[in-house]
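Observations on the model geometry
The residues making up each chain are set out below.
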Amino acid sequence: LQYAAILLAAVHSSFGDKGLSLKATEEAVRVAQASGDTACVAYALGWLFQNAKSELRDQELLKRCSSRAIETCLRSLAGGAKLSMARHSLIAATPGGATDTLRTG
């Protein structure tokens, strides 16, 4: 059911309805957490990051996505999340920048 919600979010996003896409993604996260599906939680958090651009939540979503991906041995998703965190740090021009993000995860 949780993967169906992610696919539904993708359909809503492709038709330009960001509100319904966000609701479907949040539902996917809730259902995946309730069922203990950490891999789906990681993918849903990645999708949420891509589609719910909010500067305040970006780093937190990426950290959660990365940690869930590492827990479930989803190396490509973990690597993508870490690269996105580094990119976000470079763009935001925070002290420490991308190298600290890559080292600490």
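To start, this report covers the structure provided alongside it. (Residues numbered from 1 in each chain as written. Predicted model: local features only at pLDDT ≥ 70, side-chain atom pairs only at ≥ 80, totals over all residues. Heavy atoms only, no water.)

Description of the overall build of the protein
A count of helical and extended segments in the protein gives six helices and zero strands. For the protein, the α and β elements follow one another from N to C terminus as α-α-α-α-α-α. Expressed as a percentage of its 105 residues, the buried residues of the protein come to 38%. The contacts of the protein with a sequence gap of at least 6 include a subset with a gap of at least 24, amounting to 41%. Carbon and sulfur atoms form 61% of the exposed surface of the protein, whose accessible area is close to 6,200 Å². (Helix = DSSP H or I, 4+ residues; strand = E, 2+ residues; numbered from the N terminus. Buried < 20%, exposed > 50% of the residue type's maximum accessible area, 1.4 Å probe, protein only. Contact = heavy atoms within 4.5 Å. Areas by Shrake-Rupley, 256 points an atom, 1.4 Å probe, with all protein chains shown as cover.)

Focus on helix α3 (residues 38–51)
Compared with the 20 Å implied by 1.5 Å per residue over 14 residues, the 20 Å span of α3 between its first and last C-alpha is a close match. Taken together, the buried positions of α3 are A39, C40, V41, A42, A44, L45, G46, L48 and F49. (Expected span 1.5 Å × (residues − 1).)

Re the nonpolar core
Judged by nonpolar contacts, the single largest core of 22 residues is most densely connected at L45, A69, L74 and L77. Looking at this core, the elements that each hand over two or more residues are α1 (2–14), α2 (18–35), α3, α4 (55–71) and α5 (75–92). By residue number, the principal contributor to this core is α3, which donates eight residues. The contacts of L77, once residues within four sequence positions are left out, are A42, Y43, C65 and A69. (Core = buried A, V, L, I, M, F, W, Y, C linked by side-chain atoms within 4.5 Å.)

A look at α5
A rise of 1.5 Å per residue sets the reference length of α5, with its 18 residues, at 26 Å; its end C-alpha atoms lie 25 Å apart and thus fit the reference within 8%. Buried residues of α5: L77, A78, A81, M85, A86, H88 and S89, and no others.

Digging into the packing of α1 against α3
Contact pair α1 / α3: the axes reach a minimum separation of 10 Å and the direction vectors enclose 15 degrees. In terms of axis orientation, α1 runs roughly parallel to α3. Here α1 and α3 pass one another in a crossing that is left-handed. Taken together, the residues of α3 that come into contact with α1 (itself represented by Q2, Y3, I6, A9, A10 and S13) are A39, C40, Y43, A44, W47 and N51. Class assignment of the residues belonging to the contact of α1 with α3 gives a composition of nine nonpolar, three polar and no charged. (Axes fitted to C-alpha atoms, helices over the stretch in contact; angles between N-to-C directions. Parallel < 35°, antiparallel > 145°, perpendicular 65-115°, else oblique. Left-handed = near helix turned anticlockwise from the far one by under 90°. Nonpolar A, V, L, I, M, F, W, Y, C, P; charged D, E, K, R; others polar.)

Side note on unusual backbone geometry
Despite not being glycine, C73 shows a phi value in the positive range, around 60 degrees. Examined against the element boundaries, C73 turns out to sit in the loop between α4 and α5.

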